[in-house]
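# Structural description and commentary
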Amino acid sequence: MKKSEIVIVAGGTGGHIYPAIRIYQDIEENLQTTPLFLTPKNNKGITINTLRPISNIAFFEPPEVNPNIQFIRKTIPTIYHSTKYIKKAKIIISTGGYVSLFPLLIATIMKKDIFLIEINSIPGKATKFFQKHSKKIFCSFESTTQMLKNAIAIGPIVRKEFVKDYTSLSKDTIFKKLNLNPKLTNILVIGGSQGAKH
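Along each chain, numbering runs from 1 in the same order as the chain's sequence is written. Local features are withheld for residues below a pLDDT of 70 in this predicted model, meaning they are given only at 70 or higher, and side-chain atom pairs are given and counted only at 80 or more; totals for whole chains, interfaces and linings count all residues. Side-chain numbers come from the whole structure's heavy atoms, not from hydrogens or water.

Let us now look at the overall build of the protein. By the criteria applied, helices consist of DSSP H or I runs no shorter than four residues and strands consist of E runs no shorter than two, each listed in order from the N terminus. Helices and strands together make up the secondary structure of the protein, namely seven helices and seven strands. For the protein, the α and β elements follow one another from N to C terminus as β-α-β-β-α-β-α-β-α-β-α-β-α-α. Out of the 198 residues in the protein, the part that is buried amounts to 40%. Sequence separation of at least 24 residues holds for 49% of the intrachain contacts in the protein that already meet a minimum separation of 6. Per-residue accessibility takes into account occlusion by the displayed protein chains alone, with areas from the Shrake-Rupley method and a 1.4 Å probe. Accessible area of the protein: about 12,000 Å², with a carbon and sulfur share of 57%. Three exposure classes are used, based on accessible area relative to the maximum for each residue type with a 1.4 Å probe and protein chains only: buried under 20%, partly exposed in between, and exposed over 50%. We call two residues contacting when some pair of their heavy atoms lies within 4.5 Å.

Further remarks concern the environment of Asn56. Among the structural elements, Asn56 can be located in the loop between strand S2 (36-40) and strand S3 (57-60). Spatially, the C-alpha atoms of Asn56 and Leu38 are 8.9 Å apart, while their sequence positions differ by 18 residues.

What follows is about the pattern of salt bridges. A pairing counts as a salt bridge when a side-chain nitrogen of Lys or Arg comes within 4 Å of a carboxyl oxygen of Asp or Glu. Considering all chains together, one arrives at three salt bridges under this definition. Among the ionic pairs, Arg22 bridges to Asp26, the shortest N-O distance being 3.1 Å. Of the two residues, Arg22 and Asp26 are both situated in helix H1 (residues 14-31); the distance of four residues between them amounts to about one turn of the helix. Judged by relative accessible area, Arg22 falls into the buried class, the value being 18%. Classification of Asp26 by relative accessible area gives partly exposed; the value is 25%. Put simply, Asp113 and Lys135 hold a salt bridge, and the shortest N to O gap is 3.8 Å.

Ring pairs are drawn from Phe, Tyr and Trp, using the six-membered ring of Trp, whenever the two centres fall within 6.5 Å, and their geometry is named by plane angle: stacked under 30 degrees, edge-to-face over 60, tilted for the rest. In the structure shown here, the tally under the stated rule is three aromatic pairs. Geometrically, the ring pair formed by Tyr24 and Phe37 is edge-to-face, given 6.1 Å between the ring centres and 75° between the ring planes. One end of the pair, Tyr24, is in helix H1; the other, Phe37, is in strand S2, and 13 residues separate them in sequence. For the pair Tyr24 and Phe37, a shared accessibility class is recorded, and that class is buried.

As a further point, take the environment of Ala10. Looking at the element boundaries, Ala10 is found in the loop between strand S1 (6-9) and H1. With a relative accessible area of 0%, Ala10 lands in the buried category. Separated by 85 residues in the primary sequence, Ala10 and Thr95 place their C-alpha atoms 5.6 Å from one another. Once residues lying within four places of it in the same chain are set aside, the contact partners of Ala10 are His16, Ile17, Ala20, Phe37, Leu38, Thr39, Pro40, Thr95 and Val99.

The next thing to look at is the sheet that holds strand S4 (residues 91-94). Pairing within the open sheet is parallel, and its seven strands lie in the order S3-S2-S1-S4-S5-S6-S7. Because the sheet does not close on itself, it has two edges, and the strands there are S3 and strand S7 (151-153). Each neighbouring strand pair of the sheet contributes to a mean axis angle of 20°, computed without reference to strand direction. Pairing geometry for S1 and S4, over four bridges, is parallel. If you follow Val9 over to S4, its bridge partner there is Ser94. Running at roughly 165° to S1, H1 makes contact with S1, S2, S4 and strand S5 (113-118) of the sheet. Every axis in this analysis is a line fitted to C-alpha atoms, fitted for helices over the stretch in contact. Angles between the N-to-C directions lie between 0 and 180 degrees. Together, S1, S2, S3, S4 and S5 form the strand contacts of helix H3 (residues 101-109), whose direction differs from that of S5 by roughly 150°. Note: two strands are recorded as paired if DSSP finds a minimum of 2 bridges between them.

Written as structure tokens, this is what we have:
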């Protein structure tokens, strides 16, 4: 792990991790710099394979949001690690989730430039809370921008392998590749977490 001027905070579930991976890859490719990917040790349903595209990664252990002794015990190392990684950064990018609470809090206190990514159609609590401290909020849906300040819609952030593998293919080829029957009505369900409510 090496310190960087750009820190991406992501974690909790795939809905926060996968967009962050794409952002990491785009920054590396287009800005010729390697950001630091800050994520919890235990992400739900995320394997080491998922994080393979990330070469510069640091782990921390956010406390569960419960007012008990365990929460207090884990808060101190979380604040310490967040401060250590964010101190030398200039830009903090967060894809949301409760795990971003302490890193964003430290970034706010240190007056770093904060950019938020809101994947869901309904903004999460972390986005709502830190919106006034952020430079810009990038949303997947146009409707989400009406609920936030200083927000713009950029569309969904899609993993590179999907863009590369499917955008140039014909409809028939995609059906065959995904082993779908073109004679049947195929339903695609997208959106998780609060995005599923839209």
